[in-house]
Amino acid sequence: MRKMGLAAVLLLALPLGGCGLLGIPRPVTLGVVNVTLPATVSPTAPMQVDVRVGMGSCEDTNHRLTLVSRTAQTLTLKAEATKTNYGAVCPAVYTESTLSYTDPGTPTRTSPFEVIVNGKSWGKVEVR
């Protein structure tokens, strides 16, 4: 049996022991399970959008809804997290959580007002 030098042992151990040390935090898209919208809303009233997302990795932190764009006819959001703990050993646990976004009502909405999350239309709200 050959003895390995200290440098070789450290070189082999670095990828195992240094998980996450060189990782740069980056955004990752969360899977959307469901989106809850009101049936109707006034043109300028605040409107809450609840987005149910699936989470299954301890590497993801800072779960959030990010505004992509907002027009009089459309609200576009992105459900995302920040991947920070690269290579962490995570239990195989799937959980769901609800993230909320409140649209302030500006610019004034027109009917029908569509809500898009992660590139998919989740419904239209009647404006009256």
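1. Some thoughts on the overall build of the chain
So, step 1. Check the secondary structure of the chain and you find one helix and nine strands.
So, step 2. In the chain, the succession of α and β elements from N to C terminus is α-β-β-β-β-β-β-β-β-β.
So, step 3. Of the roughly 7,900 Å² of accessible surface on the chain, 61% is carried by carbon and sulfur atoms.

2. Focus: the sheet that holds strand 4 (residues 47-55)
So, step 1. A sheet is described by the order of its strands in space; here three strands give the open sequence 2-4-7, paired in antiparallel fashion. The open sheet is flanked by strand 2 (31-36) and strand 7 (95-103), the only strands paired with a single partner. Taking each pair of neighbouring strands and ignoring which way they run, the sheet shows an average axis angle of 25°.

3. Here we look at unusual backbone geometry
So, step 1. Following Thr 106, the chain continues to Pro 107 via a peptide bond in cis, the omega torsion being 0°.
So, step 2. Counting through the fold element by element, Pro 107 comes out in the loop between strand 7 and strand 8 (113-117).
So, step 3. Cis peptide bonds are those with omega within 30 degrees of zero, and the linkage from Ser 111 to Pro 112 qualifies with -5°.
So, step 4. You can see Pro 112 is positioned in the loop between strand 7 and strand 8.
So, step 5. Phi is positive for Asn 118, which is not a glycine, with a value near 55°.
So, step 6. As for its placement among the helices and strands, Asn 118 is situated in the loop between strand 8 and strand 9 (120-127).

Calculation notes
Think of each chain on its own: its residues are numbered from 1, step by step along the sequence as written. Under the rules for a predicted model, residues below a pLDDT of 70 receive no local features and side-chain atom pairs below 80 are neither given nor counted, while totals for whole chains, interfaces and linings still include all residues. As a rule here, side-chain values come from all non-hydrogen atoms in the structure, and water together with hydrogens is ignored. By the criteria applied, helices consist of DSSP H or I runs no shorter than four residues and strands consist of E runs no shorter than two, each listed in order from the N terminus. Areas reported here follow the Shrake-Rupley algorithm with a probe of radius 1.4 Å; residue values treat only the protein chains shown as occluding. At least two DSSP bridges between two strands are needed for those strands to be called paired. Here, axes are lines fitted to C-alpha atoms. For helices the fit covers the stretch in contact, and angles between N-to-C directions go from 0 to 180 degrees.

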